[in-house]
Amino acid sequence: MPISQTGQLFSLIKSLTKAEKRNFRLYTKRNHDSDSMMFVKLFDLIDKQKDVNDYDIMKKLNGITASKYSNLKRHLYSQIMNSLQMLYTTKLPGILVREYLDFADILYSKGLYLQSLKILEKARKTAEKIHDDLLYLSVIEFEKTIESRHITRSGVDKTQVLTGDADRVSKRIRRSIKFSNLRILIHGFYIKHGHIKNEE
């Protein structure tokens, strides 16, 4: 996901609000020592530029090599995205659900199945609350995987609830996909033909 094209990095930095830039600087101070902060210097240099100028930046970074410069841009892009993810976890609940799924995956890989199920329960409630059927189904499928492979003592009722929920949500998703397909086909038709010009 991290990229090395200066133009994309430049547009990302220029899109940040003051609050997001402040959050990025706080994030880097918390998570990195002062010796590994060259990417922050790159952030400041790009932030001050009005137009993209790789040559000028490389000169100010004490003649850094092209390959190191490319790696530094990738690292900076990644760090900006990490700081934004942390900032928006509470503002965009979908990010929180995906974070719960990641945590559950880590716990599951460590053999902590019951802890994984507890995290998935939180993820399911959040996905249901925000009416995100795709995330909700992802959570259910993960729960079903754990329940079918391990003895969790959840009982027969839990498996019936999971399968019932999966059926119900998958039907909703199928309907939603049909409508979204229709919407994008209509949009494509509009782009190709424009507004209606006559009755025909």
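Coordinates for the structure precede this section.
A brief structural summary. Source: prediction; values computed, not measured.

Next up on the list: the overall build of the protein. Tallying secondary structure elements over the protein gives 9 helices and 0 strands in all. Put simply, the protein runs from its N terminus to its C terminus through helices and strands in the order α-α-α-α-α-α-α-α-α. Against the globule reference of 16 Å for 200 residues, the protein gives a C-alpha radius of gyration of 23 Å, more extended than a compact globule. Referenced to the eigenvectors of the C-alpha coordinate spread, the extents of the protein come out at roughly 65 × 65 × 30 Å. Taking all 200 residues of the protein together, the buried fraction comes to 36%. For the protein, the computed accessible surface area is about 13700 Å², with 56% contributed by carbon and sulfur atoms. Computing the positive centroid from 36 side-chain charges and the negative centroid from 23, the protein places the two 4 Å apart.

What follows concerns the packing of helix α2 (residues 18-31) against helix α5 (residues 66-88). Helix-helix packing is described using two parameters, namely the angle between the two axes and the distance between the axes. Axis separation between α2 and α5 bottoms out at 9 Å; the angle between their running directions is 105 degrees. Relative to α5, α2 is oriented roughly perpendicular. Facing Glu 20, Asn 23, Phe 24, Tyr 27 and Arg 30 of α2, the residues of α5 in contact are Leu 76, Gln 79, Ile 80, Asn 82, Ser 83, Leu 84, Met 86, Leu 87 and Tyr 88. When grouped by side-chain class, the residues that make up the contact of α2 with α5 number 8 nonpolar, 4 polar and 2 charged.

Thresholds, definitions, all that
Residues numbered from 1 in each chain as written. Predicted model: local features only at pLDDT ≥ 70, side-chain atom pairs only at ≥ 80, totals over all residues. Heavy atoms only, no water. Helix = DSSP H or I, 4+ residues; strand = E, 2+ residues; numbered from the N terminus. Rg over C-alpha atoms; globule rule 2.2 N^0.38 Å. Buried < 20%, exposed > 50% of the residue type's maximum accessible area, 1.4 Å probe, protein only. Areas by Shrake-Rupley, 256 points an atom, 1.4 Å probe, with all protein chains shown as cover. Lys, Arg positive; Asp, Glu negative; His and termini not counted. Charge placed at Lys NZ, Arg CZ, Asp CG, Glu CD. Axes fitted to C-alpha atoms, helices over the stretch in contact; angles between N-to-C directions. Parallel < 35°, antiparallel > 145°, perpendicular 65-115°, else oblique. Contact = heavy atoms within 4.5 Å. Nonpolar A, V, L, I, M, F, W, Y, C, P; charged D, E, K, R; others polar.

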